[in-house]
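# Survey of secondary and tertiary structure
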Amino acid sequence: MEGEEKVKVIVVGGGTAGWMTAAALTKLLPTRCDVTLVESEAIGIVGVGEATLPHIRGFNERLGINEAEFMAATRATFKLGIEFRDWARKGDSYIHPFGAFGRGQGDVDFHHYWSRLREAGADVAPIGDYSMAVTMAYANRFALPDPDPAKVESTFNYAYQFDATLFAPFLRSIAEGQGANRIEGRIVDVELDGETGDVDALKLESGERIAGDLFIDCSGFVSLVIGKTLAEPFEDWSKWLPCDRAVAMPCRTETALTPYTSASAMDAGWRWRIPLQHRTGNGYVYSSDFTSDDEARAAIVAAVEGEPIAEPRVLKFKAGRRTRSWVRNCVAVGLASGFLEPLESTSIYLIQAAITALVELFPEREISPIDRDEFNRLIDLEYDRIRDFLILHYHATERADTPFWDYVRTMSVPDTLQEKIDLFRRRGRLVKYREGVFLDASWVAVYTGQRVVPEGHDRRADLPPMDGLVRGAAALRDEIREKAGRMPDHRAHIERYCPMAEAA
Amino acid sequence: MSDIQRVLVAGGGIVAWSAAAALKRRLPMLDVLVISSPPPEDSLADRLGNTLPSIAEFHSDLGLSDEDTIVRAQSGFRFGSLFSGWGGERADYVHAYGSYGASVGGVPFHQLWLREGHPISYDSFSLGSELGRAEKFANAGMPEVQIGYGLRLNVDRYCELIRAYALHLGASERTGGVVEVERRDDGFIVAAILADGARVGADLFVDCTGPGARIRSRIDHEFEAWSKWLLCDRVSMTRDREESLLDEIAATPNGWTSKCAAAFSSAHGSGEGLLLSQGRLAKPWVRNCVAIGDAAVLVEPLEWTNLHLAHSQIDRLVSMMPGADCAPVELAEYNRQCNAEADRVRDFICMHYVTARRSEPFWKDASSVELPDSLQHSMSLFAERGRLPYYEEETFTRDSWLAVLFGQGSYPRRVDPLAFALPSEQVESTLSACRESIASFAASQPSYREFISQLGQRAPA
């Protein structure tokens, strides 16, 4: 066992997926694999995934990355959630926070008490007012969560908004420091073994041949190995998620540095706004069935709030995933395995989920189908749950003012999602599972934010006397406001903690 | 949407009274009436006093203290079970609750132990096993190695205690059995007819009458039998109580036996025992009638899960209480969770047989059954690399699964590569340090007998 031969891993493509994979494998399995990454400077990276989920912190921690250094290097800001504007109705807005509603403790979830107050016609604020993360976000405040679980300042989590084009080089230096090899070159061919059909080697433009045992396809939308070469079918989800283009255009940050990402509904899709230290990322995700590229371009130009710093750039994609992400000796990570629009910032999370599963199921040179099947099962679960959560955002709307919104409002959704919605509508209950990226509070945020109103609540929420409940809710709201008010301004916190280097 | 107001609980054992107490304590606005009759002799959850550690949480939700449930009810403690003869010629092993060893740098402990070539038995790294074998007691573990304990209930005393508590909380009681039910056109039950002819109406009927499911069985008989996976079809119980911290579960030629209970296959030999048809209802909750305990799931008491399952169902009943119309969408989620839980208990029990190493015809047959898909999934991942997949609603922890698998001599084909991220010397020293700290901690604890006799002095006469 000790003398087992190392697995020769070839990472196909740099970019966020490629370098995250290389950094993780060299850190966590140094004695089991040799990692070579092949990339070409001539090929750009997509790098739309600028906003992340709190899980990224666990990834960085495992790699021993210092938070302040990482944030300075990637010009990052803090992120407490996502603001959704105009989704259920024009004029609506809510934040899906990284954190609990209420104190996040006790047997009965806070939203049941909130529902009871609402049903009774009591004086009750929007549910976000009872969330530490939401209140901090709207006040542009930030401080790290308090470690004492008894305090309301402990009831939130956070992620980052960063420049993905800077994250890859940051990881590259870590991965190379841990022994990853990098080969510059354009791949012109992928050689398969004539007998087994496994991938043997990559052929580069220079004529060089790169052989390996395990190929990690991080080639992005091109999906060079798993898609183009191994022809793994793509499951198309565009009937539920019809957006298939995005037009991106960064601008200068001229307003407050918000500790949250915004997603504003547009006529044929939605628009992101991601504030970084040095600029603000903007983009319009739309469906080409409902609007043209020119119209979309015009819409984003009209919408950006600061001076543009690049021309609008159009990207094309299709929602869905490869039927399997691990086929033969090829594991697809990131866009090569599938695509879900960045509405809930899941792109980097999905990369991370694939890397985590790969590390936990890391094969020998001879690959066991048991490891491979388990990997595919885990990745399917991630994709399917995120898919349902995204569809909810579109489907839970009352908007019929454009053909796009009318379509998503009236389309039929997967049974798995319809059951979840029906259950919540009844009595505010959530389909319970512990494994998965978006847990109870996230579903509650989107349901309540998009007018999926429960008809009833948990009976246990009827126990406290009404006047005590009213007072308690008001006191909680005041306490949260007061605590948030004492926290530093988001920009001031960043300038002290992790300012980017000047003269970029 | 109208609410459920009147709840009728049928049954008269621990399960029924526990359900009544939980409903009254946690949903005091309900009217709870127990139609009580002595539990049938084959109702395992009502008649077996061995519990899992989860009972502590059930008690705390009910507001019952250790003073009540342990001192006054004269309960004993148990750290787990000692399996003898299951691994053929292999030494006995202990499945204790709590942790086995401690992970290092994110690498699970058992992978480190496997990497070192499993030098000493896996249960040497369990504090519960160490204490149990030495008949020593501790009610808390060490920071790095946790223990868990279940109780040994004195069934009659405990049932009296929980009944008194339910009545104290406001439940009412009426003695007599349910002989008939009155149903509406849509199948909902309107009233139960008792032996004396009385008619008792309710909005929700909670059937805790044991395997016969006297109310729930009037709606349908859809039952998923587990007999192709679990061959024991007879069970027997004694009124004896194990006095030590570990229950010895001895393999017999056609089943197993312990001080309190035994199970065997009648097709593989003779013996005295009650009929046991292992399996579960396809849907424990249909319309306004929910089956709890043995009325919903029948499983041999090999790992003492019967009362645990009942508690877990009661907890769900409280936290998922639907409206009076018992909407299918709400019941479906309840049933999904209950079934997932029962099926994983089935898998865990079945795993004991498929990895046992005995040569009698019963054991040959029991170990060669075709596995349920979910167990096949667990077993093949374990066999490949010692990994156990996570399942929702799983009762037993990964450490419990591993305790039995390793105890019976099942090892994976290879060690997880993550275990090689640490230098060999570090792994070796971690293992020996862990072993030493467990041994010295255990040695410093009082004897169990001493501890129990001190508790006994606090008990009222």
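Please read these numbers as outputs of a predicted model, since none were measured by experiment. (Residues numbered from 1 in each chain as written. Chains lettered and ligands numbered in written order. Predicted model: local features only at pLDDT ≥ 70, side-chain atom pairs only at ≥ 80, totals over all residues.)

Before going further, it helps to spend a moment on the overall build of chain A. Secondary structure assignment for chain A yields 15 helices and 21 strands. Computed over its C-alpha atoms, the radius of gyration of chain A comes to 23 Å, within 12% of the 23 Å expected for a compact globule of 504 residues. Principal-axis analysis of the C-alpha atoms places the extent of chain A at approximately 75 × 55 × 50 Å. Across chain A, every contact between residues at least 6 apart in sequence was considered, and the portion connecting residues at least 24 apart equals 76%. (Helix = DSSP H or I, 4+ residues; strand = E, 2+ residues; numbered from the N terminus. Rg over C-alpha atoms; globule rule 2.2 N^0.38 Å. Contact = placed C-beta atoms within 7 Å.)

Along chain B, the regular secondary structure elements total 14 helices and 21 strands. Relative to its length of 461 residues, chain B is compact, with a C-alpha radius of gyration of 23 Å against a globular reference of 23 Å. Once the C-alpha set of chain B is aligned to its principal axes, its extents read approximately 75 × 50 × 45 Å. Relative to its 461 residues, chain B shows a buried fraction of 53%. (Buried ≥ 20, exposed ≤ 12 C-beta atoms within 10 Å, placed from the backbone.)

All names here are of chain B. One way to put it is that helix α9 (residues 328-354) packs onto helix α11 (residues 373-385) with a least axis distance of 9 Å and a crossing angle of 55 degrees. One way to sum up the angle between α9 and α11 is to call them oblique. The handedness of the crossing between α9 and α11 comes out as right-handed. In this structure, α9 contributes Asp343, Asp347, Cys350 and Met351 to the contact, and α11 contributes Ser374, Leu375 and Ser378. (Axes fitted to C-alpha atoms, helices over the stretch in contact; angles between N-to-C directions. Parallel < 35°, antiparallel > 145°, perpendicular 65-115°, else oblique. Left-handed = near helix turned anticlockwise from the far one by under 90°.)

Residues and elements named next belong to chain A. Among the six residues of strand β1 (residues 7-12), five are classified as buried, and the element is accordingly described as predominantly covered. When β1 meets strand β2 (residues 33-39), the two strands line up parallel, connected through six bridges. Counted as the bridge partner of Val7 is Cys33 from β2. Remark: the β1/helix α1 (residues 15-28)/β2 crossover connection has right-handed handedness. Pairing between β1 and strand β11 (residues 214-217): four bridges, direction parallel. The residue bridging Val9 from the neighbouring strand is Leu214, located in β11. (Pairing = 2+ DSSP bridges. Right-handed = clockwise from strand over helix to strand, strands pointing away.)

Turning to the interface of chain A and chain B, a few remarks are in order. Counting from both sides, the interface comprises 27 residues of chain A and, opposite them, 24 residues of chain B. Of all the secondary structure elements, the ones that give two or more residues to the side of chain A that touches chain B are α10 (369-395) and α12 (415-427) of chain A. Counting residues per element, the side of chain A that touches chain B draws most heavily on α12 of chain A, at five residues. A class-by-class count of the residues in the side of chain A that touches chain B yields nine nonpolar, three polar and 15 charged. (Nonpolar A, V, L, I, M, F, W, Y, C, P; charged D, E, K, R; others polar.)

So, about the domain arrangement of chain B. All names here are of chain B. Segmentation of chain B into domains returns domain 1 (6-77 + 153-226 + 277-339) and domain 2 (80-148 + 347-452). Using only C-alpha atoms to locate each centre, domain 1 and domain 2 end up separated by 33 Å. Each partner contributes to the interface: domain 1 provides ten residues, whereas domain 2 provides nine residues. (Domains from an automatic or database assignment.)

The next thing to look at is the sheet that holds strand β8 (residues 178-183) of chain B. Residue and element names in this part refer to chain B. In space, the three strands of this open sheet follow the order β8-β9-β10, with antiparallel pairing throughout. Two strands bound the open sheet, and with one partner strand each, they are β8 and β10 (199-201). Across the sheet, the mean angle separating the axes of adjacent strands is 30 degrees when strand polarity is ignored. Of the pairings in the sheet, the one linking strand β9 (residues 189-194) to β10 comprises three bridges and is antiparallel in character. Following the sheet pairing, Ala191 is matched in β10 by Gly201.

It is worth spelling out the pairing of strand β13 (residues 234-237) of chain B at this point. Residue and element names in this part refer to chain B. Pairing of β13 with strand β16 (residues 261-264), which is carried by four bridges, proceeds in the antiparallel orientation. From the neighbouring strand, Arg234 faces β16, where its bridge partner is Phe264. Where β13 meets strand β17 (residues 274-275), two bridges bridge the pair, whose relative direction is antiparallel. Bridging across to β17, Val235 finds its partner in Leu274.

Here we take up the sheet that holds strand β12 (residues 234-236) of chain A. Residue and element names in this part refer to chain A. Taken in spatial order, the three strands make up an open sheet running β12-β18-β21, and their pairing is antiparallel. A single partner strand is all that each edge strand has here, and the edge strands are β12 and β21 (338-339). Strand direction decides the pairing type here: β12 and strand β18 (residues 320-322), joined by three bridges, are antiparallel. The residue of β18 that forms the bridge with Glu235 is Arg321.

On to the domain arrangement of chain A, then. Residue and element names in this part refer to chain A. Domain parsing of chain A yields domain 1 (7-50 + 163-235 + 322-385), domain 2 (99-156 + 414-490) and domain 3 (245-316). The gap between the C-alpha centroids of domain 2 and domain 3 is 30 Å. The partner domain 3 presents five residues to the five residues of domain 2 that form the contact. Split into classes, the residues belonging to the side of domain 2 that touches domain 3 amount to three nonpolar, two polar and no charged.

Another point: the confidence of the model for chain B. For chain B, per-residue confidence averages 96 on the pLDDT scale, and 99% of positions sit at 70 or higher. Confidence estimates for the predicted assembly give a pTM of 0.96 and an ipTM of 0.93. (pLDDT = per-residue confidence, 0-100.)

Attention now goes to the packing of α1 of chain A against helix α9 (residues 347-360) of chain A. Residues and elements named next belong to chain A. At a minimum axis separation of 10 Å, α1 and α9 run at an interaxial angle of 30 degrees. Comparing their axes, α9 and α1 come out roughly parallel. In this structure, α1 meets α9 at a crossing whose hand is right-handed. Seen from α1, the contacting residues are Thr16, Ala17, Met20, Thr21, Ala24 and Leu28; seen from α9, they are Ile348, Ile351, Gln352, Ile355 and Val359. Residue composition of the contact of α1 with α9, grouped by class: eight nonpolar, three polar and no charged.

All names here are of chain B. A positive phi angle is found at Glu135, which is not glycine, with a value near 55 degrees. The topology assignment puts Glu135 in the loop between α6 (127-133) and β6 (150-152). Judged by the 15 C-beta atoms lying within 10 Å of it, Glu135 falls in the partly exposed class. Even without glycine at this site, Cys326 takes up a positive phi of about 40 degrees.

Residue and element names in this part refer to chain A. Relative to the assigned elements, Val327 resides in strand β19 (residues 326-327). We classify Val327 as buried; it has 23 C-beta atoms within 10 Å. The spatial distance from the C-alpha of Val327 to the C-alpha of Ala168 is 26 Å, given a sequence separation of 159 residues. Apart from the residues within four sequence positions on either side, Val327 is in contact with Ile226, Leu230 and Glu232.

By size, the foremost hydrophobic cluster in this structure holds 300 residues, and its most contacted members are Val12 of chain A together with Val9, Ala19, Ala20 and Ile292 of chain B. Apart from the residues lying within four places of it in its own chain, the contact partners of Val9 of chain B are Ala16, Ala19, Ala20, Val32, Val34, Val206 and Cys208 of chain B. (Core = buried A, V, L, I, M, F, W, Y, C linked by C-beta atoms within 7 Å.)

Residues and elements named next belong to chain A. Secondary-structure assignment places Phe110 in helix α4 (residues 110-119). According to the C-beta neighbour criterion, Phe110 is buried, with 22 such atoms within 10 Å. Taking the C-alpha atoms as reference points, Phe110 and Gly14, 96 residues apart in sequence, are found 44 Å from one another. Aside from chain neighbours lying at most four places away, what touches Phe110 is Phe101, Gly102 and Tyr130.

So, about the environment of Met249 of chain A. Residue and element names in this part refer to chain A. Looking at where Met249 falls in the secondary structure, it is placed in the loop between β13 (245-248) and β14 (261-266). For the pair Met249 and Ala180, spaced 69 residues apart in sequence, the C-alpha separation works out to 34 Å. Setting aside residues no more than four positions away along its own chain, Met249 makes contact with Asn282, Gly283, Ile300, Val301, Val304, Pro308, Ala310 and Pro312.

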